[in-house]
Amino acid sequence: MIDVLQLFDWPAGWEQRVALAQLSARLPADRIRTRSAALGKPGSRPSSAADLTWLPARLGGSRLFAPALAAATLRGHLAQHPCDLLHAWSMPALAAASAALGDNIPLVTSGF
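Notes on the structure in this doc start here. Given the structure is predicted, the values throughout are model-derived calculations rather than measurements. (Residues numbered from 1 in each chain as written. Predicted model: local features only at pLDDT ≥ 70, side-chain atom pairs only at ≥ 80, totals over all residues. Heavy atoms only, no water.)

## Description of the packing of aromatic side chains
No. 1: Counted by the stated rule, this structure contains one aromatic pair.
No. 2: Measuring from ring centre to ring centre gives 5.4 Å for Phe8 and Trp89, while their planes differ by 20°; the resulting arrangement is stacked. On the criterion of sequence distance, the pair formed by Phe8 in strand E1 (residues 2–9) and Trp89 in the loop between strand E4 (85–88) and helix H3 (91–100) is long-range, its members being 81 residues apart.
No. 3: With a relative accessible area of 3%, Trp89 lands in the buried category. (Phe/Tyr/Trp six-rings, centres within 6.5 Å; stacked < 30°, edge-to-face > 60°. Helix = DSSP H or I, 4+ residues; strand = E, 2+ residues; numbered from the N terminus. Buried < 20%, exposed > 50% of the residue type's maximum accessible area, 1.4 Å probe, protein only.)

Below, the structure written as C-alpha cells:
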C-alpha cells in the first residue's frame, strides 16, 4: 500500500478541493491510500475540515504564515505518520514540505 499525504495551506480554495476529490476517485483504493493535512495559524481551523489533520504554524503572535515554522510542525507530523509520497497543493505547502523532507520522501506539487 502506498501512503500519499495531500498537503494544503488553509484556506484551500475550492479548486484544490475539487481536484483532490477527482484525483482520489481515480486512484486505486486497494493500492493507494491518501490522507490530507492543512497548514495554518492556530485557532483558524475551519469547522468544515473534519477530514483534515490540522498542522498549526505561525510566527510569534502575528498573523503571518511562516513556512519555516510549518516545516517543523510538518516534520513532527511525518515522524509520527510517515508517508511514501507528499503532494503539496500550494506554494506555502511546497516551501514547508521542501524544508521538512529529507531525500527519502518524493515530493510533487500542484500550483494553483
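## A word on H3
No. 1: Within H3, burial applies to Ala93, Ala96, Ala97 and Ala100. Down the axis of H3, the smallest arc covering the buried residues is 95°, so these residues share one side.
No. 2: You can read the cap of H3 off the contacts: a side-chain oxygen lies 3.2 Å from the backbone nitrogen of Ala93, and it is on Ser90. (Arc of directions from axis to C-beta. Polar contact = N/O pair within 3.5 Å; in protein donor to acceptor, adjacent residues only side chain to side chain.)

## Regarding the nonpolar core
One recurring pattern in soluble globular proteins is that nonpolar side chains are buried together.
No. 1: One finds Leu5, Leu7, Leu74, Leu78 and Leu86 to be the most contacted residues of the largest nonpolar core, which totals 19 residues.
No. 2: If you list the elements that add at least two residues to this core, you get E1, strand E2 (32–40), helix H2 (67–80), E4 and H3.
No. 3: Residues Phe8, Ala38, Leu52 and Trp89 belong to the second largest nonpolar core, which totals six residues. (Core = buried A, V, L, I, M, F, W, Y, C linked by side-chain atoms within 4.5 Å.)

## Describing the environment of Arg31
No. 1: Its place among the elements puts Arg31 in the loop between helix H1 (14–26) and E2.
No. 2: The class for Arg31 is exposed, based on a relative accessible area of 54%.
No. 3: In this structure, the C-alpha to C-alpha distance between Arg31 and Ile2, residues 29 residues apart in sequence, is 6.1 Å.
No. 4: For Arg31, the residues in contact, after removing those within four places along its chain, are Met1 and Ile2. (Contact = heavy atoms within 4.5 Å.)

## Notes on the pairing of E2
No. 1: For E1 and E2, the ladder comprises eight bridges, and the chain directions are parallel. Pairing of Leu7 across the sheet is with Ala37, part of E2.
No. 2: Here E2 runs beside strand E3 (residues 52–56); their pairing, made up of five bridges, is parallel. Bridging from a neighbouring strand, Gly40 pairs with Pro56 of E3. (Pairing = 2+ DSSP bridges.)

## Things to note about the sheet that holds strand E5 (residues 107–109)
No. 1: With parallel pairing, five strands are arranged side by side in an open sheet as E3-E2-E1-E4-E5. Lying at the two open borders of the sheet, with one neighbouring strand each, are E3 and E5. Across this sheet, the average inter-strand angle for adjacent strands is 25°, counted without regard to direction.
No. 2: Sitting on the sheet, H1 is in contact with E1, E2 and E4, with an inclination near 170° to E1. (Axes fitted to C-alpha atoms, helices over the stretch in contact; angles between N-to-C directions.)

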